[in-house]
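Report on the structure
Single-letter residue listing:
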Amino acid sequence: EDDLKPALKRIAESYDTKRLNLSICGPATIIRYVNLPRMNNDELKQALKFETANLIPFPLNEINLDSYILKQDLPDNKMLVLLAAAKKEFISQRLKLMEETGLKANVIDIDSIAIINAFDFNYSTQSNDFKNKAIALLNIGATITNLNILEDGIPRLSRDIPIAGNNFTQRLKDAFGLSLQAA
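Read on for a plain summary of the structure.

**Details of the overall build of the protein**
- Helix and strand content of the protein: five helices and eight strands.
- For the protein, the α and β elements follow one another from N to C terminus as α-β-β-α-β-β-α-β-α-β-β-β-α.
- For the C-alpha atoms alone, the extent of the protein along its principal axes is close to 60 × 35 × 35 Å.
- For the protein, buried positions account for 34% of its 183 residues.
- Excluding contacts between residues fewer than 6 apart, the proportion of contacts in the protein whose partners are at least 24 apart in sequence is 58%.
- Averaging the locations of the 22 positively and 23 negatively charged side chains of the protein gives two centres separated by 1 Å.

What follows is the structure, encoded as structure tokens:
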């Protein structure tokens, strides 16, 4: 985290801003796509208080939880819902880091959802170009790779994979006897 402070300060100074959007990933976050009985948003918020124990492996009092109805008209009076959860302690650590550099968060998102939103913004998945098609979005970071599968423009699978750029660099270093810098 100490390596991030100078980088955050440079970003804030370069863009002359005090507010950033924050995206998180890893074992302290979880995304689920679930079929639930059809209901409105208010009913969904109430139902999640009871359903979360079956869907999220963290105690409800230790997480921030949000949901979004992806598709209302599934067969058997069901709907497809995206659930996103992150441990409060993890979010607090990230917010503290930002505050220590003089920044505040506008939005806190999970990496996989941020990638889907960026894709949707740049390539409207509501267009006919994406009808009856599956799309894979792959974000290879330094330590984690995010994989998202969209079907007809609707997210169906999101996974964080703990193999990423640092692993590839290490393999190149080992295979070719290179320095870390050269790899």
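**Side note on the packing of aromatic side chains**
- Tallying each qualifying case throughout the model produces one aromatic pair.
- Relative to Tyr123, the ring of Phe119 has its centre 5.3 Å away and its plane inclined at 35 degrees; by these criteria the two rings are tilted.
- What makes Tyr123 partly exposed here is its relative accessible area of 49%.

**Structural notes on the pairing of strand β4 (residues 78-87)**
- With eight of ten residues buried, β4 lies mostly within the body of the structure.
- Summarising the sheet, strand β2 (residues 29-37) and β4 pair through nine bridges and their orientation is antiparallel. Counterpart to Ile30 in the pairing with β4 is Ala85.
- Note: strand β3 (residues 63-74) against β4, nine bridges, orientation antiparallel.

**Some details on the sheet that holds strand β6 (residues 134-140)**
- Strand order in this open sheet of three strands is β6-β7-β8, and the pairing throughout is antiparallel. Unpaired on one side and paired on the other, β6 and β8 (154-161) mark the two borders of the sheet. Taken over all neighbouring pairs, the strand axes of this sheet differ in orientation by 15 degrees on average, direction set aside.
- Both strand β7 (residues 145-151) and β8 contribute to a ladder of seven bridges, which runs antiparallel. Following the sheet pairing, Asn148 is matched in β8 by Ser158.

**Here we look at unusual backbone geometry**
- One non-glycine residue, Asn77, lies in positive phi territory at about 60 degrees.
- For Asn77, the location among the structural elements is in the loop between β3 and β4.
- One non-glycine residue with positive phi stands out, namely Asp152, at about 55 degrees.
- Relative to the helices and strands, Asp152 is located in the loop between β7 and β8.

**Quick notes on the environment of Gln170**
- Topologically, Gln170 is positioned in helix α5 (residues 165-176).
- Judged by its relative accessible area of 34%, Gln170 is partly exposed.
- For the pair Gln170 and Ala183, spaced 13 residues apart in sequence, the C-alpha to C-alpha distance is 7.5 Å.

**Looking at the environment of Asp120**
- Structurally, the position occupied by Asp120 is in helix α4 (residues 111-122).
- Judged by its relative accessible area of 26%, Asp120 falls in the partly exposed class.

**Brief notes about a nonpolar patch on the surface**
- Together, Leu138, Ile140, Ile163 and Phe168 make up a nonpolar patch on the protein surface, roughly 390 Å² of accessible area in all.
- Summarising the element assignment, Leu138 is placed in strand β6.
- Of the residues examined, Leu138 reaches a relative accessible area of 55% and is grouped as exposed.

**Structural notes on the nonpolar core**
- With 28 residues, the main nonpolar core has Ile24, Tyr33 and Leu82 as its most contacted residues.
- Elements with a contribution of two residues or more to this core: α1 (4-15), β1 (19-24), β2, β3, β4, α3 (88-100), α4 and β6.
- Contact partners of Ile24, with chain neighbours within four places excluded, come to Thr29, Ala86, Phe90, Ile91, Arg94, Ile108, Asp109, Ile110 and Asp111.

About the thresholds
- Residues numbered from 1 in each chain as written.
- Predicted model: local features only at pLDDT ≥ 70, side-chain atom pairs only at ≥ 80, totals over all residues.
- Heavy atoms only, no water.
- Helix = DSSP H or I, 4+ residues; strand = E, 2+ residues; numbered from the N terminus.
- Buried < 20%, exposed > 50% of the residue type's maximum accessible area, 1.4 Å probe, protein only.
- Contact = heavy atoms within 4.5 Å.
- Lys, Arg positive; Asp, Glu negative; His and termini not counted.
- Charge placed at Lys NZ, Arg CZ, Asp CG, Glu CD.
- Phe/Tyr/Trp six-rings, centres within 6.5 Å; stacked < 30°, edge-to-face > 60°.
- Pairing = 2+ DSSP bridges.
- Axes fitted to C-alpha atoms, helices over the stretch in contact; angles between N-to-C directions.
- Patch = residues over 30% accessible without salt bridge, like charges linked within 9 Å, V, L, I, M, F, W, Y side chains within 5 Å.
- Areas by Shrake-Rupley, 256 points an atom, 1.4 Å probe, with all protein chains shown as cover.
- Salt bridge = Lys/Arg side-chain N within 4 Å of Asp/Glu carboxyl O.
- Core = buried A, V, L, I, M, F, W, Y, C linked by side-chain atoms within 4.5 Å.

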